[in-house]
Amino acid sequence: MQQVPLEEMNYLTRIHYKAQSDGIWGEHEIDYIIFMQKDVTLQPDPNEIKSHCYVTKEELKDLLEKAENKEVKITPWFKLIAEKFLYTWWDSLHNLKQFVNHEEIHRM
């Protein structure tokens, strides 16, 4: 947490997400969207994240297209957030305050 102090985290909104996984398991949750613009050393939990990478906006579009064609796997929640919100947020990184919404929970 030294690299990611609470005061540098910026709450944006909440998203209600529900998806089947393998027919037995699935997800049904409310996720908090928090932004931070900072260089950090990533150490993802291997039980939660199989792989990660940094991408440009164009590379992300290509990645989502590959996922659509079943060439790569991405989590369903990330695809939903990317398609509905991420590109708009990305274009406004200098002014994310305009998207702060404490009242609404976006249903996905």
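All figures in this text were calculated on a predicted structure; none of them were measured in a lab. (Residues numbered from 1 in each chain as written. Predicted model: local features only at pLDDT ≥ 70, side-chain atom pairs only at ≥ 80, totals over all residues. Heavy atoms only, no water.)

(A) Region of the structure containing the overall build of the protein. Within the protein, the secondary structure is distributed over 2 helices and 3 strands. Going from the N terminus to the C terminus, the protein shows its helices and strands as β-β-α-α-β. Dimensions of the protein, computed from the C-alpha atoms along their principal axes, are close to 40 × 30 × 30 Å. The long-range share in the protein, meaning contacts at least 24 apart out of those at least 6 apart in sequence, stands at 57%. About 8,800 Å² of surface is accessible on the protein, with carbon and sulfur atoms providing 51% of the total. The protein carries 13 positive and 19 negative side-chain charges, and their two centres are separated by 4 Å. (Helix = DSSP H or I, 4+ residues; strand = E, 2+ residues; numbered from the N terminus. Contact = heavy atoms within 4.5 Å. Areas by Shrake-Rupley, 256 points an atom, 1.4 Å probe, with all protein chains shown as cover. Lys, Arg positive; Asp, Glu negative; His and termini not counted. Charge placed at Lys NZ, Arg CZ, Asp CG, Glu CD.)

(B) Local environment of the pattern of salt bridges. This model, assessed by the stated rule, comprises 5 salt bridges. Residues Glu 8 and Lys 38 are paired through a salt bridge, measuring 3.1 Å at the closest nitrogen-oxygen approach. Here Glu 8 is found in the segment before strand 1 (10-20), whereas its partner Lys 38 is found in the loop between strand 2 (26-35) and helix 1 (57-68), with 30 residues between them in sequence. A residue is classified by how much of its surface remains accessible, and Glu 8, at 35% relative accessible area, is partly exposed. In this structure, Glu 58 engages Lys 61 in a salt bridge whose closest nitrogen and oxygen atoms are separated by 3.5 Å. One end of the pair is Glu 58 and the other is Lys 61, both in helix 1 and 3 residues apart, which spans about a single turn. (Salt bridge = Lys/Arg side-chain N within 4 Å of Asp/Glu carboxyl O. Buried < 20%, exposed > 50% of the residue type's maximum accessible area, 1.4 Å probe, protein only.)

(C) Here's a closer look at unusual backbone geometry. Notably, Lys 70 is not glycine yet its phi reads approximately 65°, a positive angle. Looking at the secondary structure, you find Lys 70 in the loop between helix 1 and helix 2 (76-91). Overall, Lys 70 belongs to the exposed group, its relative accessible area being 73%.

(D) Representation of the pairing of strand 2 within the structure. Looking at chain direction, strand 1 and strand 2 are connected through 10 bridges and run antiparallel. Its bridge partner being in strand 2, Ile 15 is matched across the sheet by Asp 31. From the end of strand 1 to the start of strand 2, which pair antiparallel, there are 5 residues, and Gly 23 there has a positive phi angle of about 95°. (Pairing = 2+ DSSP bridges.)

(E) Quick peek at the side chain of Asn 101. The residue Asn 101 is located in the loop between helix 2 and strand 3 (105-107) in this model. When its relative accessible area of 18% is taken as the criterion, Asn 101 is described as buried. In terms of polar contacts, Asn 101 uses its side chain to reach the backbone amide nitrogen of Glu 103, at 2.9 Å. In terms of polar contacts, Asn 101 uses its side chain to reach the backbone amide nitrogen of Glu 104, at 2.8 Å. Look past the residues within four positions of Asn 101 in its chain and what remains in contact with it is Tyr 11, Leu 12, Thr 13 and His 106. (Polar contact = N/O pair within 3.5 Å; in protein donor to acceptor, adjacent residues only side chain to side chain.)

All quantities given are derived from atomic positions and should not be read as evidence of function.
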